Amino acid sequence: MKLIDIGCNLASKRLLPHLDRILAEAQEAGVIAQIITGSDAASNQTALELANRHSELYATAGYHPHHADDWHAPAHRLLLQTLARETRCVAVGEMGLDYHRNLARRDNQRRCFTDQLAIAKTVQKPVFLHERAAYADFAAILGDALPELAGAVWHCFTGTRAQMEAMTERGLYIGITGWICDPERGAELRDTVRHIPADRLMLETDAPYLTPKTLNPLPRVNEPRYLPAVLHEVARCRDEDPAALAAQTLANTRRFFGVS
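Residues numbered from 1 in each chain as written. Predicted model: local features only at pLDDT ≥ 70, side-chain atom pairs only at ≥ 80, totals over all residues. Heavy atoms only, no water.

Enquirer: Just checking my understanding: could you explain the sheet that holds strand β1 (residues 3-8) for this structure?
Expert: Strands pair in a sheet through their backbones, by hydrogen bonds, and they do so in one of two ways: parallel or antiparallel. Strand order in this open sheet of eight strands is β1-β2-β3-β4-β5-β6-β7-β8, and the pairing throughout is parallel. Edge strands, defined here as strands with exactly one partner in the open sheet, are β1 and β8 (201-203). Ignoring which end each strand starts from, the neighbouring axes of this sheet average 30° apart. Note: strand β6 (residues 152-154) against strand β7 (residues 173-176), two bridges, orientation parallel. From the neighbouring strand, Val 153 faces β7, where its bridge partner is Tyr 173. (Pairing = 2+ DSSP bridges. Helix = DSSP H or I, 4+ residues; strand = E, 2+ residues; numbered from the N terminus. Axes fitted to C-alpha atoms, helices over the stretch in contact; angles between N-to-C directions.)

Next comes the structure, spelled out in structure tokens:
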């Protein structure tokens, strides 16, 4: 089975020092490519540098809502627009809203989100989205932009079935992480994942976070090589053959991001 991890934080200090081993073990596990998440100025640059050095790596470039207080247009806007035009950058983001932790002011989060959607329209690349405890504002801001976007994926989806259905009806893809493997936090998601349209489903680790709790022994740090654990749990929930689901999600990912 071949898989692509659509969201991993290889620029993290917990992963970057072990990059060669991580890449080799991911390949051994069938994870043939990885999309490195850019979430601030430093990780955007590192993600793109890694993608330019390794053929199996691609990058996104964006500002996570936690970093929205650092977003200062036009300087940051111009820099992000430059990075987003790079060939190995396959999406704009991680962007969105997070009212759960509120690490940035909400008005700055909304402004940062709106500005990045405008950049994505300009460069005509899909967007890599984050939402937590902010669905109403998230849906309203995104909805205004959707008709002009090249595509949108709701990364690390943990919302409700109603939210998923509302967004997939509007063309969004859904990224599922090891959250689904959590016995308690993943309960609602395990039901919701059964209803995600097959052609809108993609898989990710969000490494080094969200280690699949179905792994035994449980690793201290999540890595892309553990993506098959997410695949198997999603397949179990959907009552599907893992190999068939792997082929479907691989095709979805290649189509959405234009990667091989």
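Enquirer: Hey, could you run me through the pairing of strand β4 (residues 89-98) in this one?
Expert: For a regular strand, the rule is simple: side chains alternate between the two faces of the sheet. For β4, the buried fraction is high: ten of the ten residues fall into the buried class. As judged from the three bridges shared by strand β3 (residues 57-61) and β4, these two strands associate in the parallel manner. The residue bridging Ala 61 from the neighbouring strand is Val 92, located in β4. Across five bridges, β4 lies against strand β5 (residues 127-132) in parallel orientation. Within the sheet, the bridge partner assigned to Asp 98 lies in β5 and is Arg 132. The parallel pair β4 and β5 is bridged by helix α4 (residues 106-123), and the resulting crossover is right-handed. (Buried < 20%, exposed > 50% of the residue type's maximum accessible area, 1.4 Å probe, protein only. Right-handed = clockwise from strand over helix to strand, strands pointing away.)

Enquirer: Even after reading the chapter, I still don't get the packing of helix α5 (residues 135-145) against helix α6 (residues 161-168), so can you show me in this structure?
Expert: In a packed pair of helices, the relevant descriptors are the angle between the two axes and the axis-to-axis distance. Orientation of α5 relative to α6, taken along the N-to-C sense of each, is 5°, at an axis distance of 12 Å. It follows from the interaxial angle that α5 and α6 lie roughly parallel. Side by side, α5 and α6 meet where Tyr 135, Phe 138, Ala 139 and Leu 142 of the first sit next to Gln 163, Ala 166 and Met 167 of the second. Of the residues that constitute the contact of α5 with α6, the class distribution is six nonpolar, one polar and no charged. (Parallel < 35°, antiparallel > 145°, perpendicular 65-115°, else oblique. Contact = heavy atoms within 4.5 Å. Nonpolar A, V, L, I, M, F, W, Y, C, P; charged D, E, K, R; others polar.)

Enquirer: Please explain the pairing of β1 as it appears in this structure.
Expert: Across the six residues that make up β1, a large majority, six, are buried. As paired elements, β1 and strand β2 (residues 31-36) share four bridges and run parallel to each other. When the bridges of β2 are listed, Ile 4 appears paired with Ala 33. For the crossover that starts at β1, traverses helix α1 (residues 19-28) and ends in the parallel β2, the hand is right-handed.

Enquirer: Even after reading the chapter, I still don't get helix α3 (residues 75-84), so can you show me in this structure?
Expert: It helps to recall that an α-helix has 3.6 residues per turn; residues three or four apart then point in one direction. Within α3, burial applies to Leu 80, Gln 81, Leu 83 and Ala 84. On an axial view of α3, the arc spanned by its buried residues comes to 160°, and they lie on one face. Those residues of α3 that are exposed and aimed more than 90 degrees away from the buried face are Ala 75 and Leu 78. Looking at the buried positions of α3, the neighbouring elements they touch are α2 (41-53), β3, β4 and α4. (Arc of directions from axis to C-beta.)

Enquirer: Would you mind showing me how to read the pattern of salt bridges here?
Expert: Side chains bearing opposite charge may pair, as long as their charged atoms lie close to each other. Tallied over the entire structure, the rule returns 15 salt bridges. Here Arg 110 ties to Asp 137 by a salt bridge, and the two come within 3.4 Å at their closest N and O atoms. Here the residue Arg 110 occupies a position in helix α4, and Asp 137 occupies one in helix α5, the gap between them amounting to 27 residues. The salt bridge involving Arg 238 is made with Glu 240; its shortest N-O contact spans 2.9 Å. Within the structure, one salt-bridge network assembled from shared partners comprises Arg 21, Glu 25, Glu 223 and Arg 225. (Salt bridge = Lys/Arg side-chain N within 4 Å of Asp/Glu carboxyl O.)

Enquirer: Is there a simple way to think about the environment of Leu 129 in this case?
Expert: Counting through the fold element by element, Leu 129 comes out in strand β5. Its relative accessible area of 0% is what places Leu 129 among the buried residues. Between the C-alpha atom of Leu 129 and that of His 155, which follows or precedes it by 26 residues, the distance is 5.4 Å. With residues up to four places along the chain from it excluded, the contact list for Leu 129 reads Met 95, Phe 113, Phe 138, Leu 142, Ala 152, Val 153, Trp 154, His 155 and Leu 172.

From the geometry alone we can't say anything about function, so treat these as descriptive.
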